[in-house]
Structure formats: C-alpha cells, structure tokens
Amino acid sequence: MIRVRIKERKEKKFRNKKLMILFIIISLAFLVAAYNNQYYNIPKNSYKYAEEYGTCYKVQVGASPGAGVFLPSKTSSEWSNFINNHPASVTLGSSDYDGDGYDSDQCVTGTDCYDNNANAHPGQTSYFSTDRGDGSYDYNCDGSQTKHDPILCDSLNFGWSFIEGVIPSCGATGNYCKPGCGGCSIQTQVCH
Ligand SMILES: [Ca+2]
Ligand SMILES: [Ca+2]
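Reading the values: the criteria
Residues numbered from 1 in each chain as written. Chains lettered and ligands numbered in written order. Predicted model: local features only at pLDDT ≥ 70, side-chain atom pairs only at ≥ 80, totals over all residues. Helix = DSSP H or I, 4+ residues; strand = E, 2+ residues; numbered from the N terminus. Buried ≥ 20, exposed ≤ 12 C-beta atoms within 10 Å, placed from the backbone. Contact = placed C-beta atoms within 7 Å. Pairing = 2+ DSSP bridges. Axes fitted to C-alpha atoms, helices over the stretch in contact; angles between N-to-C directions. pLDDT = per-residue confidence, 0-100. Core = buried A, V, L, I, M, F, W, Y, C linked by C-beta atoms within 7 Å.

Peer 1: Pulling in residues and values, what's your account of the overall build of the protein?
Peer 2: In terms of regular secondary structure, the protein is built from 2 helices and 8 strands. In sequence order, the secondary structure elements of the protein are arranged as α-β-β-β-β-α-β-β-β-β. Looking at the protein as a whole, 19% of its 192 residues qualify as buried. Long-range pairs, those at least 24 residues apart, make up 35% of the contacts in the protein with a sequence separation of at least 6.

So, in structure tokens, the structure goes:
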C-alpha cells in the first residue's frame, strides 16, 4: 500500500514537472512573437530606426503636438498605413540617412555606426580632428578611436610625432616635432 502511494506521488511530481516545462516553452514562444510585432514608442524631439516587413526607416518625431508617437507594426497593413499616413510631426528618413552608401547599423543588415555623418562609415581611412557629431572619433566603425600619432617621440622614434610628455587625446593639440630637425608646430591629434 505504502509503495503504491510513493509511486503515485512520484508520478504526480513528474507530471507537474512536465507541465511546468510546457508552460515555460509556451511563454517563450509568446515573448518571441511579441518581439517580432513590436510597437515603437518614440518620444518627441527624438528618433529611432524602425524596421518591419523588410523596410527600415529613420523615424523622427518633432516637438509638435507635444507628445511622443506610437508606431503600429503588428500587421504589415498597419505598418504600411503608418508609412503612408503618418502624423505631421513625424518625418521619415532613409535607412542611409547621411547618404554615405551604408545603412545605419540600427537596421537589420546595416553597418554604418553613425548615420548622421557621411564621413563616418566602415572602411574610412582618413583621420579627423573633430568628433563625428556624438563625441566619438570612431569614423571607421571598428569600435575604437584610433589616434594617428599614438606614440611620443623619443630616442627610438625619429619620425614626426608629439613631444613633451603627453600624447594628445583625439581633437587635442600638442607640440609636433621631428627630433633634431627643428620645425616644431602645434598640431591636433587626428583620429578615426
Ligand atoms: Ca555615416
Ligand atoms: Ca575606429
């Protein structure tokens, strides 16, 4: 009798465990579905890139009428209706807003790390003395701000480089010299 009860309890425990696992799987499926059909809430005076049903836009919301804007995208008809009949406070921009040939990396297949400056894009080889617009000097989108002249001039480095103890940070100036040749000048550290 006791053995039968223990067996029943074990079976009940096993059933409960299976139900719990099933519940977790169903919940995860709902979460994924909800993510795919998300609603974007964009506050006034700001923008977001929104990509749904194969199209990505830079959606900017102005100051008027004073509130943020919800982007309906649960169905493709909701989405296309918004694209064609959006409120006057909304401005739609291209996924390549700065026109440098690279879509914003906020779109699914985009790689442009900063879509407000056409000089900032993957593969940029030039160096710049001012930030790209958001405080960063990462113009080539490799995730770092690389200095053009990263070492101080010393007995091992006879090329043109900065002297006087401190390598200037990006955008800062320093004394740029070639040892022994004179001709020092104040120059800005350029970066990308
Ligand atoms: Ca860019
Ligand atoms: Ca970089």
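Peer 1: How would you summarise the sheet that holds strand β5 (residues 90-93) if you had to cite specific residues and measurements?
Peer 2: With antiparallel pairing, 3 strands are arranged side by side in an open sheet as β2-β3-β5. Taken across any chain shown, the strands that pair with only one partner, and hence form the sheet edges, are β2 (46-52) and β5. Across the sheet, the axes of successive neighbouring strands diverge by a mean angle of 30°, strand direction being ignored. In terms of strand pairing, strand β3 (residues 55-61) meets β5 through 4 bridges, oriented antiparallel. Looking across to β5, one finds that glutamine 60 is bridged to threonine 91.

Peer 1: Would you mind going over the confidence of the model for the protein in detail, with residue names and values included?
Peer 2: Of all residues in the protein, 79% attain a pLDDT of 70 or more, and the chain-wide mean is 83. The least confident element of the protein, judged by mean pLDDT, is helix α1 (residues 2-36) at 61; the most confident is β5 at 94. Low pLDDT, under 50, characterises residues 29-37; the predicted model gives this stretch 2 contacts beyond four residues in sequence or across chains.

Peer 1: Lay out the nonpolar core in plain terms, naming residues and giving numbers.
Peer 2: The tendency in soluble globular proteins is for nonpolar side chains to be buried side by side. One finds Tyr49, Ala50, Tyr57, Val59, Val61, Val69, Leu71, Phe82 and Cys107 forming the largest nonpolar core, which totals 9 residues. Elements supplying a minimum of two residues to this core: β2, β3 and β4 (69-71). Counting residues per element, this core draws most heavily on β3, which supplies 3 residues. In this structure, Cys113, Ala120, Tyr139 and Cys170 belong to the second largest nonpolar core, which totals 7 residues.

Peer 1: Lay out unusual backbone geometry with the relevant residues and their values.
Peer 2: One non-glycine residue, asparagine 45, lies in the positive phi region at around 55°. Positive phi outside glycine occurs at cysteine 141, with the angle close to 60°. With respect to the helices, strands and loops of the structure, cysteine 141 is situated in the loop between β5 and β6 (161-162).

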